[in-house]
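# Analysis of the macromolecular model
Each chain, letter by letter, is given below.
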Amino acid sequence: MQWWNGRIALFDYDSFTIDSPARDVAGFVGGLLCLDDDSADWAQLAATFVTRYRAHCGGRLAEAELEWHLQLALLREAHRCFERHRAGWQERALRALIIARSGLASLPHRAGSFL
């Protein structure tokens, strides 16, 4: 924690970097794709987020970089599942690996979307 401008600011120094936005987008999308509850269509939410983020950036999102960071984020998720050995870890790790192989192609496509 850090006191800043009269407020407490929290930083996760484990992943705090000045880097490409593609890394943050990929981390968020990878997290959505790895959620395994049925409370929402997480893949569709991820696709909508990427589509809207692309529109907001005006084409400045580096697609190859986004693909690379997404695959890496999903590989990290598979590794976390292996490390933690929680119930069902094998299925979750395999799912993350399968999605990592597909990368952005794993996101659902909608008519008129940028995907």
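Overview of the structure.

About the thresholds
- One numbering rule holds for all chains: residues counted from 1, following each sequence as written.
- Restriction of local features to residues with pLDDT of at least 70 applies here, the model being predicted, together with a cutoff of 80 or more for giving and counting side-chain atom pairs; totals for whole chains, interfaces and linings are based on all residues.
- The basis for every side-chain value is the complete set of non-hydrogen atoms in the structure, without hydrogens or water.
- Think of a salt bridge as a Lys or Arg side-chain nitrogen and an Asp or Glu carboxyl oxygen that are within 4 Å of each other.
- Secondary structure follows DSSP: runs of H or I at least 4 residues long count as helices, runs of E at least 2 residues long count as strands, and numbering of each begins at the N terminus.
- Between the first and last residue of a helix there are one fewer steps than residues, each counted as 1.5 Å, and that sum is the expected span.
- Using a 1.4 Å probe on the protein chains alone, a residue whose accessible area is under 20% of its type maximum counts as buried, one over 50% counts as exposed, and one in between counts as partly exposed.
- The contact definition used throughout considers only heavy atoms, calling two residues in contact when any of these lie within 4.5 Å.
- Think of it as the arc spanned by the lines of direction from the helix axis to the C-beta atoms.
- Helix axes use the C-alpha atoms of the stretch in contact, all axes being lines fitted to C-alpha atoms, and the angles between their N-to-C directions lie in the range 0 to 180 degrees.
- Note on terminology: angles under 35 degrees are roughly parallel, angles over 145 are roughly antiparallel, angles of 65 to 115 are roughly perpendicular, and the others are oblique.
- A crossing counts as left-handed when the near helix is turned anticlockwise from the far one by less than a right angle, and as right-handed when that turn is clockwise.
- Amino acids are sorted into nonpolar (Ala, Val, Leu, Ile, Met, Phe, Trp, Tyr, Cys and Pro), charged (Asp, Glu, Lys and Arg) and polar (every other residue, Gly among them).

### Here we look at the pattern of salt bridges
All chains considered together, the criterion is met by two salt bridges. For Arg54, the salt bridge is made with Glu63, and the minimal N-O distance between the two is 2.6 Å. Between Glu77 and Arg80 there is a salt bridge, and its shortest N-O distance comes to 2.9 Å. Taken as a pair, Glu77 and Arg80 lie in helix 3 (residues 63-84) at a separation of three residues, close to a single helical turn.

### Topic: helix 3
Under the 1.5 Å per step criterion, the end-to-end length of helix 3 is 32 Å for 22 residues, consistent within 8% with the ideal 32 Å. By the burial criterion, the buried members of helix 3 are Leu66, His69, Leu70, Ala73, Leu74, Ala78 and Cys81. On its buried face, helix 3 sits against helix 1 (21-34), helix 2 (42-57) and helix 4 (89-102). Immediately beyond the C-terminal end of helix 3, within one or two residues, lies His85, with a positive phi of roughly 50°.

### Describing helix 4
Look at helix 4: 20 Å from first C-alpha to last across 14 residues, which is about the 20 Å you get at 1.5 Å a residue. Along helix 4, the residues that are buried comprise Trp89, Ala93, Ala96, Ile99 and Ala100. Around the axis of helix 4, the buried residues are gathered within 130° of arc, so they sit on the same side. Exposed side of helix 4, more than 90 degrees from the buried face: Glu91, Ile98 and Arg101 are the residues found there.

### Re the side chain of His69
Locating His69 in the fold gives a position in helix 3. Accessibility expressed as a relative area gives 13% for His69, which makes it buried. Discounting chain neighbours no more than four positions away, the residues touching His69 are Ala22, Arg23 and Ala26.

### A closer look at the packing of helix 1 against helix 3
Interaxial distance between helix 1 and helix 3 falls to 8 Å at its minimum, and their mutual angle equals 45°. As judged from the angle between their axes, helix 1 and helix 3 are oblique. Helix-helix and strand crossings are classified by hand; for helix 1 and helix 3 the assignment is right-handed. Listed contacts from helix 3 to Ala22, Arg23, Val25, Ala26, Gly27, Val29, Gly30, Leu33 and Cys34 of helix 1 are Glu65, Leu66, His69, Leu70, Ala73, Leu74 and Glu77. When the residues that make up the contact of helix 1 with helix 3 are grouped by side-chain class, the tally is 10 nonpolar, three polar and three charged.

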